[in-house]
Amino acid sequence: AAPRSADRPLIGRKALVTAGPTHEPIDPVRFIANRSSGKQGYAIAAALHDMGADVTLVSGPTTLPTPAGVQRIDVETAREMLAACRRALPVDIAVCVAAVGDWRPTAPSTVKLKKTPVTPRALELIENPDILAEISRPGPERPQLVVGFAAETDAHLADAVHKRQRKGCDWLVANDVSPGADIFGSAENQVSLVSEAGVDPWPRMPKNAVAARLATLIARHLVGDG
Ligand code: CTP
Ligand code: CA
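Quick caveat: nothing in here was measured; it's all calculated off a predicted structure.

1. Considerations on the packing of aromatic side chains
For any pair of aromatic rings, the description consists of the separation of the ring centres together with the inter-plane angle of the planes. In total, this model carries zero aromatic pairs according to the counting rule given. The residue whose ring lies beneath Arg213 is Trp202, and the NZ or CZ to ring-centre distance is 4.5 Å.

Rendered as C-alpha cells:
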C-alpha cells in the first residue's frame, strides 16, 4: 500500500459505513421503510475513501451509484444490515448513517395479503436490533471511533446529547429534519456534532461538505495532524 501522507491520512485504516433506509417486509410486495436517500452516508463513505481508508459500505435500498473504490454490500432489513456489519468487523472507524427501521412486522406473510371485508387490520411489530449500540459496546473488537447520526425534529434536538450516551458512540451527528428544514433527499444538511466536549453546531452546507469535514475530524482523531 502507498504510505500514509498528509492528504491520505487514513491509509491502512478500515472503515464501516451504514447508509440508506431499511425495508421491513409485511408480505412479498409490501414493506415498512424509513425516509432516507442514502446521500449523506454515501458521501461519507466516499470522503473516507478519498482519505485513504479501506471502506465497506453496508447499504439499504437506494438509487445511488457506488462511490468509486468503496466495497458496497446491499441489504434490505435491519437484521441483514446487522449481519453484514458483523462480518465487516473489526474496523478502526464505524459511521452509522443508516435510517434503520426501529420495528419490523412480527410475522411477515409469505403470500400477498388480500383486501378482505375485515380490513383495516392491525400490524403486529417487534423491535429491531440496534446496530449502532452493538458496534459501540465495549470489547476487544470495538472500533477506535464510532459515530452515529440522529435525525430529529427540532423539538428533540436537545435529546441528541442523551442519545449519544445511551448508544455508547463517541460522536453523534444530529440533524434537524423538521419539515421546514428541507433535508430529506436534499443536497444540503445542517448538523451539530455532539461529542464528550459538547455540542458544535455546523453551518448549513452541502452533504458532501459535511462528509469532508467529518472525515477530516475522524482522521485528526485517529492519526493526529501529522
Ligand atoms: N441505529 C441503528 N440501529 C437501529 C436504530 C438506529 O444502528 N436499530 C442507528 C442509526 O443508524 C443512527 C443512530 O442509531 O446512527 C440513531 O438512530 P435514531 O433512530 O435517531 O435512534 P433510536 O435509538 O432509534 O431512537 P429514536 O426513538 O429517536 O428513533
Ligand atoms: Ca430510530
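Having put the structure on the table, let's press on.
2. So, the site of ligand 1
Taken together, 14 residues surround ligand 1, and among them Cys96, Ala98, Pro129, Lys163 and Lys167 come closest. Asp102 is positioned such that a nitrogen or oxygen atom in its side chain is 3.0 Å from an oxygen atom of ligand 1. For ligand 1, whose free accessible area comes to 570 Å², the fraction covered by protein is 78%. Mapped onto the shell around ligand 1, the elements with two or more residues apiece are helix H3 (131–136), strand S9 (145–152) and helix H4 (159–167). Of the residues assigned to the shell around ligand 1, the class counts are eight nonpolar, one polar and five charged.

3. Here's the deal with the nonpolar core
By size, the foremost hydrophobic cluster in this structure holds 36 residues, and its most contacted members are Val17, Ile44, Leu48, Val55, Val95, Leu214 and Ile218. Taken together, the elements giving at least two residues each to this core come down to strand S1 (14–19), helix H1 (39–50), strand S4 (54–59), strand S6 (93–96), S9, strand S10 (171–176), strand S12 (191–195) and helix H5 (207–223). In contact with Leu48, other than residues within four places in its own chain, are Leu10, Ala15, Val17, Ala53, Val55, Val95, Ala215 and Ile218.

Cut-offs used in this document
Residues numbered from 1 in each chain as written. Chains lettered and ligands numbered in written order. Predicted model: local features only at pLDDT ≥ 70, side-chain atom pairs only at ≥ 80, totals over all residues. Heavy atoms only, no water. Phe/Tyr/Trp six-rings, centres within 6.5 Å; stacked < 30°, edge-to-face > 60°. Lys NZ or Arg CZ within 6 Å of the ring centre and 35° of its normal. Near = heavy atom within 4 Å. Polar contact = N/O pair within 3.5 Å; in protein donor to acceptor, adjacent residues only side chain to side chain. Areas by Shrake-Rupley, 256 points an atom, 1.4 Å probe, with all protein chains shown as cover. Helix = DSSP H or I, 4+ residues; strand = E, 2+ residues; numbered from the N terminus. Nonpolar A, V, L, I, M, F, W, Y, C, P; charged D, E, K, R; others polar. Core = buried A, V, L, I, M, F, W, Y, C linked by side-chain atoms within 4.5 Å. Buried < 20%, exposed > 50% of the residue type's maximum accessible area, 1.4 Å probe, protein only. Contact = heavy atoms within 4.5 Å.

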